[in-house]
Amino acid sequence: MATTAEYLEREQKLEGIGCARKRKEDPRFIQGKGHYVDDVHLPGMLFGAVVRSPHAHARIKSINKEKALALPGVRAVLTAEDLKPLKLHWMPTLAGDVQAVLADEKVCFQYQEVAMVIADDRYLAADGVDLVEVEYEPLPALVDPHHAMDADAPVIREDLVGKDEAGQGKRVHDNHIFRWEVGDKAATDRIFATADVTVKQAVLNPRVHPCPLETCGCVASFDKVRGELTVYITSQAPHVVRTVVSLLSGLPESKIRIISPDIGGGFGNKVGIYPGYVGAIVASIVFGRPVKWIESRIENLSTTAFARDYHMVGELAADKNGRIKALRVNVLADHGAFNAHAQPTKWPAGFFSICTGSYDIPVAYARVDGVYTNKAPGGVAYRCSFRVTEAVHLIERMIDILAQKLGIDKAEIRFRNFIKPEQFPYHSALGWDYDSGDYPTALKKVLEAVNYPALREEQAEKRTRGELMGIGICTFTEIVGAGPSKNCDILGVGMFDSCEIRVHPTGSAIARIGTITQGQGHQTTYAQIIATELGLPSEVIQVEEGDTNTAPYGLGTYGSRSTPVGGAATANAARKLRDKARKIAAHLLEVSADDLDWEIDRFKVKGVPGQEKTMKEIAWAAYNNVPPGMEMGLEAVEYYDPPNFTYPFGAYLCVLDIDRYTGETKVRRFYALDDCGTRINPMIIEGQIHGGLTEAYAVAMGQLIAFDAGGNLLSNSLMDYFLPTAVETPKWETDFTVTPSPHHPLGAKGVAESPHVGGIPCFTNAVNDAFAHLGVTQIDMPHTAFNVWKTIHELGLDNRA
Amino acid sequence: MAKQHIVFSLNGGVVEILVEPRTLLIHALRETLGQTGSHIGCETSHCGACTVDFNGKSVKSCTVLAVQADGGEVLTVEGLAHNGALHPVQEGFMQEHGLQCGFCTPGMLIRAYRFLQENPSPTDEDIRMGMSGNLCRCTGYQNIVKAVQYAANKLRATQGA
């Protein structure tokens, strides 16, 4: 028998699930050996740059390319006219609409793509852009979504006039895109009519942008002789890009290779397919040369995939003890000029119907209306699952507002409404099946850690002196891991994910997964999963992603789906290998497979000490001595279609102090408890939580994609768009509970987006809480010092003589 | 545009290139010299992804002309390790999980390298201020502070020894 010490040593050597091992990807990154799209340099490469509209809404009267084409080094100027014969001047969006690749007769948002200059280097391409002359006839711009469906609103999409459908159901106005309803409206209305207490509040999730540090870009390279197209691209979903490029170009998928190399952050910005990519691909096919297109930061913030812009009205009905009886929500969703939001195809409002949150709400109804405005298209999930941030924000604000109305403590009202641990699996009023959770334990742990009663006492005492202190609580539930193919597809492709593992004769391995890391550390964590499942050290397990020629088809990384879906595929592929290994071990040991026990890294014959085969020995045998009739080799593929989503949750608490003279907010404490089920690498989890909280802080306290009344964008450089530095960023305290998912092979749920989803309402609840005793029910984000200062002055709180 | 001949020291070696007067240092490094470790994140000197060490100072190479480097000394992330041994700032970022997507990392490392010469015994607050010209979207900075402290300790230990 192995002693406990030997046993532990063997297990530790694997550095598998649960180990906070250092990241395998780091040695490259810390030595400047990362390989991002803009690092790709191919012989004969040309550069594309885009001519963009200065107007939010205008007719294009003429485009004069002559001066640009006269500049030596400029090879071409592409416009909609040039793309028309190829039928590529418009492209389908993921949401069933179409989007202009290059503006066709009119522009519908400022910075819209009008022409693409192809030149010998990036400086010449920029020179060419300056020389393209475009004459516009400005039209009235529609900026406020609340006026999108006015009778006299300017019509944005003339191509859709007379069509009562734009890809996502019936529409009732030229600027209307879809109406999506869920729940029982009649039953909800009945409860509201007779409830003890109701609250109603408009809550805004303003337009923001994920703004990864690396902008979007691609290098398209078409080999005319072979008829093959290779595209290096900043994509969170390379296989989907391959399918779309094939559908658009007519090239067979087998002649298209999409490579997502290292990606400098995605956060949802890199899910979509953008006009710049299409332009570079077309130019490469025309010239038979590689063409690079890289966004500037201004282009990134102006045109590729904003997030949110949800104008919500929430209502709760409750009894006088604060027990919620019904939820009603109406949302106006600003989708910009083209409906190019990135959700699973059948979900025009994503998974917004998770808006009943962590609470046992018997009846609910939600309605979302999408409208066009003269703004950039998008509507991506910025570090969250599809529209889940908006949903969680709504319910977490509403429960605070209800508590305030009833005079119940904001923690207490949550305990009264939580879905109880014994209610899982829990079927929500809006149709979701929550897999597992223990909400009261999580909140209790947080309240104890921060000594909540003492904080409330301190706050009460400070209020007597006119000081502003806020305590924010957020007890969120996410829905991630999209998703079961019965619910979820992208353009008809089910949202499974995949893993292929090959174990080499000497006991090392390569695994390829259909997801793609953008900083989450997949090369480390997937190797850890395989290490534990196969008993081979994670150090010798190579993980590759992002090359469609080698990785099995997968739907990519967004919506916290890598661990729930890709991780499950990885575990199952490894288990297939272990089953085969068991048979080989039985053959080598001349026993029945049933007589073997698996122990960390080997199979042992039951009750016969010393009779054992390690996985390393079995790997060797797989290539020379397998049971009769068995195929040689040790490899497996798994395409995993999840039976359900996973539902990570958490309890967060924020304490902040507001300077009543300057409006500046200082976060004193932020305590984040996350439950993501089984934890694969605690170091990476903590890092993901730090990052998500920081992005939540950015959204709550400063980020806004702002427009003036004419549709001019006011915040498209890092001068005007808030990215917190190390100085503003609060210090984070993290904690966890572990409630495994019952349906995931490892019990893991996914984590990276929870801190963003839960963090934003926690900050905004804290700011609102600071003013709650003055009767304030809602101050919308972002809580910049200036905005807070305005609130202070509206309330007359700066009473200096 | 007539090209200018410039000579400067890059990571300890001498380089000689022809550049247009308008060429930015970051483009000369990345495209002319193939040193793609330093990145471009904003083109407005806010994000620090392009930070290089130039004549003993941290500079944002997206807002420096390559011709300004003529006769100067430039250090980039590619020049931090010596004879295969990582510099303590590199080691610190790996040990303390100070990076995720890796895009800001080269600029962070080069800034930390200079910062620790300016202030060899910083407090955490000093580090936050000293590194505030470099943005990171992934880590939330907490582990970057730890990584710089790790390097500070190691540098003090080796220099004290």
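This structure is a prediction, so every number in the text was calculated from the model and none was measured.

What about the interface of chain B and chain A?
Contacts between chain B and chain A engage 46 residues on the former and 54 residues on the latter. Of the roughly 4300 Å² buried at the junction of chain B and chain A (both faces included), carbon and sulfur atoms supply 56%. For R122 of chain A, the salt bridge goes to E31 of chain B, with nearest N and O atoms at 2.4 Å. On inspection of chain B and its partner chain A, the count reaches 24 residue pairs in polar contact (both at pLDDT 80 or more). Broken down by secondary-structure element, the contributors of at least two residues to the side of chain B that touches chain A are α1 (25-32), α2 (88-95), α3 (105-118), α4 (124-130) and α5 (142-160) of chain B. Considering each element in turn, the side of chain B that touches chain A owes the most residues, 4 residues, to α2 of chain B.

Remarks on the nonpolar core
Residue and element names in this part refer to chain A. Residues F351, F352, L653, F670, F763 and F771 are the most contacted members of the largest nonpolar core, which totals 217 residues. Apart from the residues lying within four places of it in its own chain, the contact partners of F771 are L468, I658, V776, I779, V788, T791, I792, L795 and L797. Counting 44 residues, the second largest nonpolar core, distinct from the first, contains L536, A571, A586 and L746.

Some points on the pairing of strand β3 (residues 51-54) of chain B
Residues and elements named next belong to chain B. Here β3 shows no split at all, with T51 and D53 on one side and V52 and F54 on the other all buried. The pairing of β3 with strand β4 (residues 57-60) spans 4 bridges and is antiparallel. Bridging from a neighbouring strand, F54 pairs with K57 of β4. Connecting β3 to the next strand, β4, in antiparallel fashion are 2 residues, including N55 with a positive phi near 50°.

Some remarks on the packing of aromatic side chains
All names here are of chain A. For the coordinates displayed, the defined rule picks out 33 aromatic pairs over all chains. Centre to centre, the rings of Y439 and F649 are 4.9 Å apart; their planes meet at 70°, and the pair counts as edge-to-face. Of this pair, Y439 sits in helix α12 (residues 439-450) while F649 is found in strand β31 (residues 649-658), placing the two residues 210 residues apart along the sequence. Pair check on accessibility: Y439 and F649 agree, each one buried.

Considering the domain arrangement of chain B
Residues and elements named next belong to chain B. Under the domain assignment used here, chain B contains domain 1 (4-79) and domain 2 (88-160). When each unit is reduced to the centre of its C-alpha atoms, the spacing between domain 1 and domain 2 is 21 Å. In total, about 1200 Å² of surface goes out of reach between domain 1 and domain 2, with carbon and sulfur atoms giving 59% of it. Where domain 1 meets domain 2, there are 1 salt bridge. A salt bridge links R114 to D53, with the nearest nitrogen and oxygen atoms 2.8 Å apart. Inspection of the region where domain 1 meets domain 2 yields 8 residue pairs in polar contact (both at pLDDT 80 or more).

Some thoughts on helix α14 (residues 522-534) of chain A
Residue and element names in this part refer to chain A. The end-to-end C-alpha separation of α14 is 17 Å, in line with the 18 Å expected for 13 residues at 1.5 Å each. Summarising burial for α14: 11 of the 13 residues are buried, a large majority. Among all positions in α14, only H522, T524, T525, Y526, A527, Q528, I529, I530, A531, E533 and L534 are buried. Phi turns positive one or two residues past the end of α14, at G535, with a value near 70°.

Digging into the environment of E545 of chain A
All names here are of chain A. On the secondary structure map, E545 appears in strand β26 (residues 541-545). Between the C-alpha atoms of E545 and S260, which are 285 residues apart in sequence, the distance is 8.0 Å. Excluding residues that lie within four positions of it along the chain, E545 makes contacts with S260, I513, T515, I516, T517, H522 and Y526. Only 3.4 Å separates the side chain of E545 from the backbone nitrogen of I516, close enough to count as a polar contact.

Details of helix α11 (residues 410-417) of chain A
Residue and element names in this part refer to chain A. By the burial criterion, the buried members of α11 are K410, A411, I413, R414 and N417. When α11 is viewed along its axis, its buried side chains cluster within an angular range of 165° and face the same direction. The inward-facing, buried residues of α11 contact β16 (324-334), α10 (388-406), α12, α13 (452-464), β21 (468-477) and α18 (754-772). Capping the start of α11 is the job of one residue whose side-chain oxygen sits 2.8 Å from the backbone nitrogen of A411: D409.

Some remarks on the pairing of strand β30 (residues 635-640) of chain A
On any regular strand, side chains alternate: one points to one face of the sheet, the next to the other face. Residue and element names in this part refer to chain A. In β30, alternate side chains face the same way, and those of A636, E638 and Y640 are buried while those of E635, V637 and Y639 on the opposite face are not. As judged from the 6 bridges shared by strand β24 (residues 497-503) and β30, these two strands associate in the antiparallel manner. Each bridged residue has a counterpart across the sheet, and for C499 the counterpart in β30 is E638.

Concerning unusual backbone geometry
Residues and elements named next belong to chain A. In this model, F424 is joined to P425 through a cis peptide bond whose omega is -5°. Along the chain, P425 falls in the loop between α11 and β19 (426-427). At the junction of M781 and P782, the peptide bond is cis and its omega measures out at -5° in the coordinates. Relative to the elements of secondary structure, P782 occurs in the loop between α18 and α19 (785-794). Phi is positive for F267, which is not a glycine, with a value near 55°. Overall, F267 belongs to the buried group, its relative accessible area being 11%. With a phi close to 70°, R308 is a non-glycine residue in the positive phi region. With respect to the helices, strands and loops of the structure, R308 is situated in strand β15 (residues 306-318).

Here we look at the sheet that holds β31 of chain A
Sheets are built from strands paired through backbone hydrogen bonds, the pairs being either parallel or antiparallel. Residues and elements named next belong to chain A. Reading across from one edge, β21-β31-β32-β33 is the order of the 4 strands in this open sheet, with mixed pairing throughout. Bordering the open sheet on either side are β21 and β33 (733-736), each of which pairs with just one other strand. Mean inter-strand twist for the sheet, computed between neighbouring axes without regard to direction, equals 15°. Helix-sheet contacts for helix α17 (residues 682-701) involve β31, β32 (665-675) and β33, and the interaxial angle to β32 is about 135°.

Here is what the cut-offs are and how they apply
Residues numbered from 1 in each chain as written. Chains lettered and ligands numbered in written order. Predicted model: local features only at pLDDT ≥ 70, side-chain atom pairs only at ≥ 80, totals over all residues. Heavy atoms only, no water. Contact = heavy atoms within 4.5 Å. Buried area = accessible area lost by both parts, 1.4 Å probe. Salt bridge = Lys/Arg side-chain N within 4 Å of Asp/Glu carboxyl O. Polar contact = N/O pair within 3.5 Å; in protein donor to acceptor, adjacent residues only side chain to side chain. Helix = DSSP H or I, 4+ residues; strand = E, 2+ residues; numbered from the N terminus. Core = buried A, V, L, I, M, F, W, Y, C linked by side-chain atoms within 4.5 Å. Buried < 20%, exposed > 50% of the residue type's maximum accessible area, 1.4 Å probe, protein only. Pairing = 2+ DSSP bridges. Phe/Tyr/Trp six-rings, centres within 6.5 Å; stacked < 30°, edge-to-face > 60°. Domains from an automatic or database assignment. Expected span 1.5 Å × (residues − 1). Arc of directions from axis to C-beta. Axes fitted to C-alpha atoms, helices over the stretch in contact; angles between N-to-C directions.

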